[in-house]
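# Secondary and tertiary structure notes
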Amino acid sequence: MVNIEKKLVNYIDGQWVLPDRNNYTAVVNPATGQTITKVPLSTENDVQAAVKSAKKAQKEWALVPAPQRAELLYRVGSMMKERKEHLSRLLTMENGKVLEEARGEVQEGIDMAFYMAGEGRRLFGQTTPSELKNKFAMSVRAPVGVVGIITPWNFPIAIATWKSFPAIVAGNAVIWKPATETPIMAYELAKIFEEAGLPNGVLNVVFGSGSDVGEAMVADDTIRVISFTGSNETGKNIASKCGMKLKKVSLEMGGKNAVIVMDDADLSLAVEGILWSAFGTSGQRCTACSRVIVHKDVKEELTERLMTEMEKLTVGNGLDETVKVGPIINAGALEKIDRYVQIGRQEGAVLLAGGYTLHEDKEDAGYYYVPTLFTDVDRTMRIAKEEIFGPVVSLIEVESLEEAVEINNEVSYGLSSSIFTQNVNQVFAAQRDLDTGIVYVNAGTIGAEIHLPFGGTKGTGNGHRDSGLAALDVFTEWKSVYVDFSGKLQRAQIDTEQ
């Protein structure tokens, strides 16, 4: 059995504190529909307490040598590794994803801890020759100060580590608003940081809604960076408000990702890649495959193979290790998915499999949607263009690689894409021409590794990246330093001919 606190509390200035108001909401296990804990609905006052704590702590934390800051991340990673199974089961209970995937997500956080800890001995700047005699020139990374991170429910620990670990190793203090649907991972990670010896105030966790806690973070002038993963609508709102304050903002938002299957593809491999990309996490991933753009010569065979393998997928509680597809996060998300399925039918797409909920007539039975497959989907249909965020896939037929790339690129998102082919020329043309931040060859649209940048083009983001070295660019500022040891005033661009 996994023990869960009956009520969670905020973590501010190294203390577990009650919210400003005694206002809580239920955290529901999506596999059962039952309440597993309650989470605070904090207010602006809670955010202000966190800001005060973070501002004070950051000044001291920035003076700690980066290799020493990194040592703390090594301890955090080791503790996460020791508690991997415990964390994984909690993750499945609050999020619903199957246990195998939960373990993978926790491992991603462990990997990020060790990777970013390594950056504590790098955080490289640059040295460069000065154009003047007896003068030294260099650039260094400096922490931005207080950082606000807002994370989603679908990857409640992985995405949090993508953001918090680079921010902390770079010398910043963090205020973290997790999703209200999945607060337990935040609670557990904060406990690990506390036990690892992170100074008070360097990490603060404030639970609550986006409209209260998130808005207060965006509005606060002390918080100089907002790093957000979530919906496009919310991301655009955050970006506009941060823009008015000249506040740096990093956005990772939606996707409408496609797997391209060419006529020379290994169809068995392609089917595996599609199934994993489309139905892993029940399709609730920004990188999920929701379009299969398939060459007309292999469409019939690919469709038959997909349907055969989809019939083998078991849907149920993710704690059952025989289950391959877990629940949808909540009733609202379930209704949205079904609404899109009905739209697809009305648009004239042919429903080949799925298209319905499970246990709809049973109270407290969880939220489940059967893996769903449409064919005869036209590129102009809404189900071919809009993000559904569920286990729904559309088959779109094409006659050439050029047509496939064109269809892939015409949606408003640009996160992830994939191509299955054995033609090396097509591989290099595709990776060049696909307008997405991530391109996979002979693999699905998911499976990012933590040492590479994660993010997308167009409506998916605003040019910043999570993960990899690129994450440090979000949480640091470049500072240029000139040291003149000539003993006289030298003027750049003017005195260079001496």
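Residues numbered from 1 in each chain as written. Predicted model: local features only at pLDDT ≥ 70, side-chain atom pairs only at ≥ 80, totals over all residues. Heavy atoms only, no water.

## Notes on the nonpolar core
Counting 68 residues, the largest nonpolar core has Val-76, Met-80, Phe-165, Trp-176 and Phe-193 as the members making the most contacts within it. The dominant element in this core, judged by the number of residues it contributes, is helix H6 (residues 184–196), at nine residues. Apart from residues lying up to four places away in sequence, Val-76 is in contact with Phe-165, Leu-189, Ile-192, Phe-193 and Ala-196. In terms of nonpolar packing, the next biggest core, distinct from the first, is built from 33 residues, Ile-396, Ile-419, Ala-429 and Leu-434 among them. (Core = buried A, V, L, I, M, F, W, Y, C linked by side-chain atoms within 4.5 Å. Buried < 20%, exposed > 50% of the residue type's maximum accessible area, 1.4 Å probe, protein only. Helix = DSSP H or I, 4+ residues; strand = E, 2+ residues; numbered from the N terminus. Contact = heavy atoms within 4.5 Å.)

## Examining the packing of aromatic side chains
Taken as a whole and assessed by the stated rule, the structure comprises six aromatic pairs. Members of the aromatic cluster, each reached through a chain of ring pairs, are Tyr-11, Trp-16 and Tyr-187. Between the NZ or CZ atom of Lys-7 and the centre of the ring of Tyr-24, over which it lies, the distance is 4.4 Å. The ring of Trp-276 carries the charged tip of Arg-285 above its face, separated from the ring centre by 5.0 Å. (Phe/Tyr/Trp six-rings, centres within 6.5 Å; stacked < 30°, edge-to-face > 60°. Lys NZ or Arg CZ within 6 Å of the ring centre and 35° of its normal.)

## A closer look at the side chain of Thr-161
Within the secondary structure, Thr-161 is located in helix H5 (residues 158–169). The class for Thr-161 is buried, based on a relative accessible area of 0%. Within the local environment of Thr-161, its side chain forms a polar contact with the backbone oxygen of Ala-158, the two atoms lying 2.7 Å apart. Once residues within four sequence positions are removed from consideration, Thr-161 is found in contact with Met-80, Gly-109, Met-112, Pro-166 and Leu-189. (Polar contact = N/O pair within 3.5 Å; in protein donor to acceptor, adjacent residues only side chain to side chain.)

## Concerning helix H10 (residues 299–310)
Over its twelve residues, H10 extends 16 Å from the first C-alpha to the last, a length consistent with the 16 Å expected when each residue adds 1.5 Å. In this structure, the buried residues of H10 make contact with strand S12 (257–261), helix H9 (267–279), strand S13 (289–295), strand S14 (350–353), strand S17 (372–375) and strand S18 (392–398). (Expected span 1.5 Å × (residues − 1).)

## Notes on the sheet that holds strand S5 (residues 126–129)
Pairing in this open sheet of three strands is antiparallel, and the strands run S5-S6-S23 from one edge to the other. Of all the strands in the sheet, the pair left with one neighbour each is S5 and strand S23 (476–484). Strand-to-strand twist in this sheet, taken as the mean axis angle between neighbours without regard to direction, amounts to 20°. In the sheet, strand S6 (residues 135–143) pairs with S23 via nine bridges, with the strands oriented antiparallel. Counted as the bridge partner of Ala-142 is Glu-477 from S23. (Pairing = 2+ DSSP bridges. Axes fitted to C-alpha atoms, helices over the stretch in contact; angles between N-to-C directions.)

## Some points on the pattern of salt bridges
For the coordinates displayed, the defined rule picks out 22 salt bridges. The salt bridge involving Glu-105 is made with Lys-97; its shortest N-O contact spans 2.6 Å. Here Lys-97 falls in the buried class, since its relative accessible area comes to 3%. In this structure, the salt-bridge partner of Arg-432 is Asp-433, at a minimum N-O distance of 2.7 Å. Its relative accessible area of 60% is what places Arg-432 among the exposed residues. Assessed through its relative accessible area of 34%, Asp-433 is described here as partly exposed. Each of Glu-85, Arg-89, Arg-103 and Glu-321 takes part in one network of salt bridges that share partners. (Salt bridge = Lys/Arg side-chain N within 4 Å of Asp/Glu carboxyl O.)

## Some points on a nonpolar patch on the surface
Taken together, Phe-136, Val-483 and Phe-485 make up a surface patch of nonpolar side chains, about 290 Å² in accessible area. Within the element layout of this structure, Phe-485 appears in the segment after S23. (Patch = residues over 30% accessible without salt bridge, like charges linked within 9 Å, V, L, I, M, F, W, Y side chains within 5 Å. Areas by Shrake-Rupley, 256 points an atom, 1.4 Å probe, with all protein chains shown as cover.)

## Re the packing of helix H4 (residues 99–119) against H5
It is at 9 Å that the axes of H4 and H5 come closest, and there the two elements cross at 15°. As judged from the angle between their axes, H4 and H5 are roughly parallel. Crossing handedness for the pair H4 and H5: right-handed. Each of Glu-105, Glu-108, Gly-109, Met-112, Ala-113 and Met-116 in H4 lies in contact with H5, whose residues at this interface are Ala-158, Thr-161, Trp-162, Phe-165, Pro-166 and Val-169. Broken down by class, the residue content of the contact of H4 with H5 amounts to eight nonpolar, two polar and two charged. (Parallel < 35°, antiparallel > 145°, perpendicular 65-115°, else oblique. Left-handed = near helix turned anticlockwise from the far one by under 90°. Nonpolar A, V, L, I, M, F, W, Y, C, P; charged D, E, K, R; others polar.)

## Regarding the pairing of S6
With four bridges connecting them, S5 and S6 associate as antiparallel partners. Looking at S6, one finds that Gln-126 is bridged to Ser-139. What sits between the antiparallel neighbours S5 and S6 is a turn of five residues, in which Asn-134 has the positive phi angle 55°.

## Quick word on the environment of Phe-428
Structurally, Phe-428 can be placed in helix H13 (residues 424–433). A sequence separation of 13 residues divides Phe-428 from Val-441, and the C-alpha atoms of the two residues are 9.6 Å apart.

## So, the sheet that holds strand S20 (residues 416–420)
Read across the open sheet, the seven strands follow the order S14-S17-S18-S13-S12-S20-S21; overall the sheet is mixed. The strands lining the two open edges of the sheet, one partner per strand, are S14 and strand S21 (438–441). If you compare each strand with its neighbour and ignore which way they point, the axes differ by 25° on average. Sheet topology note: the S17/S18 ladder contains three bridges and is parallel. Its bridge partner lying in S18, Leu-373 is registered against Val-393. Relative to the sheet, H9 contacts S12, S13, S17, S18 and S20, its axis offset from that of S12 by approximately 170°.

## What about the packing of helix H2 (residues 66–82) against H6?
One can describe the packing of H2 onto H6 by two numbers: an axis separation of 9 Å at closest approach and a directional angle of 125°. Relative to H6, the element H2 lies oblique. Seen along the crossing, H2 lies across H6 with a hand that is right-handed. In contact with Leu-72, Leu-73, Arg-75, Val-76, Met-79 and Met-80 of H2, H6 contributes Leu-189, Ile-192, Phe-193, Glu-195 and Ala-196. Tallied by class, residues from the contact of H2 with H6 come to nine nonpolar, no polar and two charged.

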